[in-house]
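Close look at the chain arrangement
The lines below spell out each chain.
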Amino acid sequence: MTDAQKTAADTTLRAPGDSPPDSRPAPVPLLEPREGIPPVTATDEALAEVVAAFAAGTGPVAVDAERASGYRYGQRAYLVQLRREGAGSALIDPVGCPDLSALGEAIGDAEWVLHAATQDLPCLRDIGMVPTRLFDTELAGRLAGFARVGLGAMVENVLGFALEKGHSAVDWSTRPLPEPWLRYAALDVELLVDLRDALEEELTRQGKLEWAHQEFAAIAAAPPPPPRKDPWRRTSGMHKVRRRRQMAVVRELWTARDQVAQRRDVSPGKVLGDAAIVEAALNLPPNSHALAGLPGFGHRMGRRQLEQWQAAVDRARALPESDLPQPGQPLNGPPPPRSWADKDPVAAARLSAARAAVTALAERLNLPQENLITPDTVRRLCWEPPALPTRETVAEVLVSHGARPWQIEQVAPILTEALLTDAG
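Residues numbered from 1 in each chain as written. Predicted model: local features only at pLDDT ≥ 70, side-chain atom pairs only at ≥ 80, totals over all residues. Heavy atoms only, no water.

**Thoughts on the pattern of salt bridges**
One pass over the full model with this rule turns up 20 salt bridges. In this structure, Arg 245 and Glu 321 form a salt bridge, with 3.4 Å as the shortest nitrogen-oxygen distance. Here Arg 245, found in helix 10 (residues 244-264), pairs with Glu 321, found in the loop between helix 14 (303-318) and helix 15 (340-343); they are 76 residues apart in sequence, far enough to count as distant. Under the relative-accessibility criterion, Arg 245 is labelled buried at 19%. When salt bridges with common partners are traced through the structure, they connect Arg 34, Glu 35, Arg 83, Glu 190 and Asp 194 into a single cluster. (Salt bridge = Lys/Arg side-chain N within 4 Å of Asp/Glu carboxyl O. Helix = DSSP H or I, 4+ residues; strand = E, 2+ residues; numbered from the N terminus. Buried < 20%, exposed > 50% of the residue type's maximum accessible area, 1.4 Å probe, protein only.)

Here it is, written out as structure tokens:
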């Protein structure tokens, strides 16, 4: 950081909730890259130089990745940005350099600093980059009680600099990448380590640093999530689809769309919208002419495309009753809370007491309720509590659902008390 940047950071850092000394907003300087925009690394030779430079660097490594969500199929990385003391910044093209395992190994012992780590770790893992230690600046901001935890807001509120905006949702699979996009990408890691240091200081002041370390360790150790069961059920507007035959149409169209999207490497929504799938399911068109009259299957769609979607509808129409999907997903856990009052009034009372207690404690600790303890964990505990609720037995249940030690220490007492609430 330059002397001017250090001065701005020193004078801007405030604890969450503190009021600025002057109500008039001071002008926020636009962040500039310290060494200019680095060239894009897209060859094995250039990658070897980056690996050597970052292996020789010191301290934490700022890491970010850009995907092409909404444009391409899947969530692969199309640009990886890094910065480390002694190495400077690097922009790497995973299309030209699809295997970054050597880079991952070169910085494997370092702490990786990411913003919203769970969003980037899957695509980084796919190209060979897996951290053993990390610091998540977004999660740190949540634990510290910041109201806005987007990277731009955090850099501005904590360090006093404005990040360039406007390129977060562009098609990062574009080649060559325009210079303004590369500038935006490089700036995303420019002050990430500085932000990490400031947040560590704030968490220490609040007595929450150990909490953050436990959260970061859990993220780093988490295995890849299993494939989602029946992903077609997440089609937007699915709540309108009631009959099993209609559900079969959604399933067939969703599957056909996914195959086309994967083959063409485009976002499924660009192949066929969710709203069109739901319309076809609700109307069960008997032929492609009827299908063409539905919203989402208009005149711009070619005959071959219409026939392709109609074939999916026809497959669903021809299925025997025994092969139709069942309504709703098999419950893995308690039923929806709205039904608790009828199914189990005592459990409903426990849940109400637990939610109120968690809300009050989260407010006292100045952090979001979901970071204090996940709502799903609270529901599962209240639906199937231990036979004899004590702090020890409640703690055992919380551990089984993945709660961290700091969370258990905070919530076990209040949840134990809530479990003793009866319907009267």
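**A short note on the confidence of the model for the chain**
The predicted model of the chain averages 92 in pLDDT, with 92% of residues at 70 or higher. Contacts for the low-pLDDT stretch residues 1-15, under 50 throughout, to residues beyond four places or in other chains number 27 contacts. Every residue in residues 17-23 scores below 50 in pLDDT, and together they form 2 contacts with partners more than four places removed in sequence or on other chains. (pLDDT = per-residue confidence, 0-100. Contact = heavy atoms within 4.5 Å.)

**Some thoughts on the packing of helix 9 (residues 209-221) against helix 20 (residues 405-419)**
Packing of helix 9 against helix 20 brings their axes to within 8 Å, and their N-to-C directions diverge by 125°. One element, helix 9, and the other, helix 20, form an angle in the oblique class. Facing Trp 211, Gln 214 and Glu 215 of helix 9, the residues of helix 20 in contact are Pro 405, Trp 406, Gln 407 and Gln 410. For the contact of helix 9 with helix 20, the residue count by class is 3 nonpolar, 3 polar and 1 charged. (Axes fitted to C-alpha atoms, helices over the stretch in contact; angles between N-to-C directions. Parallel < 35°, antiparallel > 145°, perpendicular 65-115°, else oblique. Nonpolar A, V, L, I, M, F, W, Y, C, P; charged D, E, K, R; others polar.)

**Looking at helix 14**
For helix 14, built from 16 residues, the straight-helix expectation of 22 Å at 1.5 Å per residue is met to within 8% by its first-to-last C-alpha distance of 22 Å. Listed as buried for helix 14 are Leu 306, Trp 309, Gln 310, Ala 312, Val 313 and Ala 316. Seen along its axis, helix 14 keeps its buried residues to an arc of 150°; they face one direction. Facing away from the buried side of helix 14 by more than 90 degrees, the exposed set consists of Arg 303, Arg 304 and Ala 318. (Expected span 1.5 Å × (residues − 1). Arc of directions from axis to C-beta.)

**Side note on the layout of surface pockets**
Its boundaries defined by the atoms lining it, the largest pocket holds a volume of some 830 Å³. Only helix 4 (117-126) and helix 10 provide two or more residues apiece to the lining of the largest pocket. For the lining of the largest pocket, the class distribution of residues is 9 nonpolar, 7 polar and 8 charged. Two domains each provide a minimum of three residues to the lining of the largest pocket, namely domain 1 (28-221) and domain 2 (233-318). (1 Å grid on protein atoms, 1.4 Å probe; cavity = no way out; pocket = protein on both sides within 12 Å on 5 of 7 lines; lining within 4 Å. Points joined across faces, edges and corners; volume = space filled by probe spheres on them. Domains from an automatic or database assignment.)

**Side note on the domain arrangement of the chain**
Here the chain is described as being made up of domain 1 (28-221), domain 2 (233-318) and domain 3 (337-420). Look at where the C-alpha atoms of domain 1 and domain 2 centre, and you get two points 38 Å apart. The interface of domain 1 with domain 2 comprises 5 residues on the first partner and 8 residues on the second. Summed over both partners, the interface of domain 1 with domain 2 comes to about 580 Å²; 48% of that surface belongs to carbon and sulfur atoms. Ranking the residues of domain 1 by area buried against domain 2 places Tyr 71, Arg 72 and Tyr 73 at the top, with a combined share of 83%. The interface formed by domain 1 and domain 2 includes 1 salt bridge. A salt bridge links Asp 265 to Arg 72; its shortest N-O distance comes to 3.6 Å. Put simply, domain 1 and domain 2 have 4 residue pairs in polar contact (both at pLDDT 80 or more) between them. (Buried area = accessible area lost by both parts, 1.4 Å probe. Polar contact = N/O pair within 3.5 Å; in protein donor to acceptor, adjacent residues only side chain to side chain.)

**Brief notes about the packing of aromatic side chains**
Evaluated as defined, the whole model comprises 5 aromatic pairs. Ring geometry for Phe 135 versus Phe 216: centroids 4.7 Å apart, planes at 50°, classification tilted. On the criterion of sequence distance, the pair formed by Phe 135 in strand 6 (residues 133-136) and Phe 216 in helix 9 is long-range, its members being 81 residues apart. Here Phe 135 matches Phe 216 in class, with each residue buried. In textbook terms, an aromatic cluster arises when at least three aromatic residues are bridged by ring pairs, as seen for Trp 172, Trp 181 and Tyr 184. Directly above the ring of Tyr 78 sits Arg 76, whose terminal nitrogen or CZ lies 4.7 Å from the centroid. (Phe/Tyr/Trp six-rings, centres within 6.5 Å; stacked < 30°, edge-to-face > 60°. Lys NZ or Arg CZ within 6 Å of the ring centre and 35° of its normal.)

**Side note on the nonpolar core**
Looking at soluble globular proteins, one finds that nonpolar side chains tend to be buried together. Counting 83 residues, the largest nonpolar core has Leu 82 and Leu 398 as its most contacted members. Taken together, domain 1 (28-221) and domain 3 (337-420) each give at least three residues to this core, which thus spans both. Excluding anything up to four places from it in sequence, Leu 398 contacts Ile 373, Thr 377, Leu 381, Ala 403, Ile 408, Val 411, Ala 412 and Leu 415. (Core = buried A, V, L, I, M, F, W, Y, C linked by side-chain atoms within 4.5 Å.)

**Details of helix 20**
For helix 20, with 15 residues, the first-to-last C-alpha span of 20 Å sits near the 21 Å given by 1.5 Å per residue. Of all the bends in helix 20, the largest measures some 45° and sits at Val 411, one to four residues before the proline Pro 413. Within helix 20, 11 of the 15 residues are buried, leaving the element largely enclosed by the surrounding structure. Taken together, the buried positions of helix 20 are occupied by Trp 406, Gln 407, Ile 408, Gln 410, Val 411, Ala 412, Ile 414, Leu 415, Thr 416, Ala 418 and Leu 419. Those residues of helix 20 that are buried are in contact with helix 5 (137-143), helix 9, helix 16 (345-365), helix 17 (369-372), helix 18 (375-383) and helix 19 (391-400). (Bend = angle between axes of the 7 residues up to and from the residue.)

**What about the sheet that holds strand 5 (residues 111-114)?**
What the 6 strands build is an open sheet, ordered 1-4-3-2-5-6; its pairing is mixed. Only two strands of the sheet have a single neighbouring strand rather than two, namely strand 1 (40-41) and strand 6. Pairing of strand 3 (residues 77-85) with strand 4 (residues 88-92) involves 5 bridges; the strand directions are antiparallel. By the bridge assignment for strand 4, Gln 81 is matched with Leu 91. (Pairing = 2+ DSSP bridges.)

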